[in-house]
Amino acid sequence: MAEQGSGTRDVERIYSTPDVVAKLRRLADALESGTSFRIQIAGERFRVPARAEFSIEHERGDGEEEVEFQLKWKLDTEDDDAGDDKPVV
């Protein structure tokens, strides 16, 4: 997927298995401890707040299946948990 203009972004990046394992392990630690964390995807680093909602999606069709792990949150001008960053690279 390509990046779009007007401040929106929609990218998909393929990572090596060791890179995915490291990201998921750090993500799990942050979720378990209820803290926010930073992550870098396709060259952009950003913070995921502790209040983000986590969902898992499964799709099937056209001879393939897909599982998506998704974190979603609203952008706020003030983040109450801004100091609880855990790096996820």
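The shown structure was predicted, so the numbers you read here are calculated from the model rather than taken from an experiment. (Residues numbered from 1 in each chain as written. Predicted model: local features only at pLDDT ≥ 70, side-chain atom pairs only at ≥ 80, totals over all residues. Heavy atoms only, no water.)

Student: Explanation requested: the overall build of the chain in the structure shown.
Tutor: Looking only at helices and strands, one finds one helix and five strands in the chain. Secondary structure elements of the chain occur, N-terminal to C-terminal, as α-β-β-β-β-β. For the chain, the proportion of its 89 residues judged to be buried stands at 15%. For the chain, long-range pairs separated by at least 24 residues make up 49% of all intrachain contacts whose partners lie at least 6 apart in sequence. (Helix = DSSP H or I, 4+ residues; strand = E, 2+ residues; numbered from the N terminus. Buried < 20%, exposed > 50% of the residue type's maximum accessible area, 1.4 Å probe, protein only. Contact = heavy atoms within 4.5 Å.)

Student: Mind showing me how you'd approach the environment of R13 here?
Tutor: You can see R13 is positioned in the segment before α1 (17-33). Along the chain, R13 and A42 lie 29 residues apart, while their C-alpha atoms are 6.3 Å from each other.

Student: Please clarify how the layout of surface pockets should be interpreted in this entry.
Tutor: Sizing a probe to match a water molecule and rolling it over the atoms shows the empty space that remains. One number sums up the size of the largest pocket: a volume of about 1400 Å³. Considering the residues around the largest pocket, the lining is formed by 29 residues, among which V11, E12, I41, F69 and Q70 are closest to the centre. Here the element with the most residues in the lining of the largest pocket is strand β4 (residues 64-72); it accounts for seven residues. (1 Å grid on protein atoms, 1.4 Å probe; cavity = no way out; pocket = protein on both sides within 12 Å on 5 of 7 lines; lining within 4 Å. Points joined across faces, edges and corners; volume = space filled by probe spheres on them.)

Student: Can you help me understand the nonpolar core in this one?
Tutor: In globular proteins that are soluble, nonpolar side chains generally tend to be buried together. Counting six residues, the largest nonpolar core consists of L27, A30, F37, I39, V48 and A52. For this core, the secondary structure elements donating two or more residues are α1 and β1 (37-41). (Core = buried A, V, L, I, M, F, W, Y, C linked by side-chain atoms within 4.5 Å.)

Student: Explain α1 to me, please; I cannot follow it from the model alone.
Tutor: An α-helical turn contains 3.6 residues, so any two residues separated by three or four positions project in the same direction. With 17 residues, α1 should reach 24 Å at 1.5 Å per residue; the first-to-last C-alpha distance of 24 Å fits that figure. All of the buried residues along α1 are K23, L27 and A30. Each buried residue of α1 lies within a common arc of 60° when the element is viewed along its axis, so the set occupies one face. Away from its buried face, by an angle of more than 90 degrees, α1 presents the exposed residues T17, P18, R25 and E32. (Expected span 1.5 Å × (residues − 1). Arc of directions from axis to C-beta.)

Student: I keep staring at a nonpolar patch on the surface and nothing clicks. Help me out?
Tutor: A surface patch of nonpolar side chains, amounting to about 500 Å² of accessible area, comprises L31, F54, I56, V67 and F69. With respect to the helices and strands, the residue F69 is situated in strand β4. (Patch = residues over 30% accessible without salt bridge, like charges linked within 9 Å, V, L, I, M, F, W, Y side chains within 5 Å. Areas by Shrake-Rupley, 256 points an atom, 1.4 Å probe, with all protein chains shown as cover. Salt bridge = Lys/Arg side-chain N within 4 Å of Asp/Glu carboxyl O.)

Student: Can you walk me through the confidence of the model for the chain in this structure?
Tutor: Interpreting fine coordinate detail is not advised for predicted regions of low pLDDT. Of the residues in the chain, 79% reach a pLDDT of 70 or more, and the chain-wide mean stands at 83. Within the chain, no element has a lower average pLDDT than strand β5 (residues 87-88), which sits at 50, and none a higher one than strand β3 (residues 53-61), at 96. Low pLDDT (under 50) marks residues 1-5, which in the prediction has eight contacts with non-local residues, meaning those over four places away or in another chain. (pLDDT = per-residue confidence, 0-100.)

Student: What exactly am I supposed to notice about the packing of aromatic side chains here?
Tutor: The way to describe two aromatic rings as a pair is by their centre distance and the angle between their planes. The tally for this structure, following the rule as stated, stands at two aromatic pairs. Aromatic pair F46 and W73: ring centres 6.5 Å apart, planes at 25°, arrangement stacked. Separated by 27 residues along the polypeptide, F46 in strand β2 (residues 44-48) and W73 in the loop between β4 and β5 bring together distant segments of the chain. Judged by its relative accessible area of 23%, F46 is partly exposed. (Phe/Tyr/Trp six-rings, centres within 6.5 Å; stacked < 30°, edge-to-face > 60°.)

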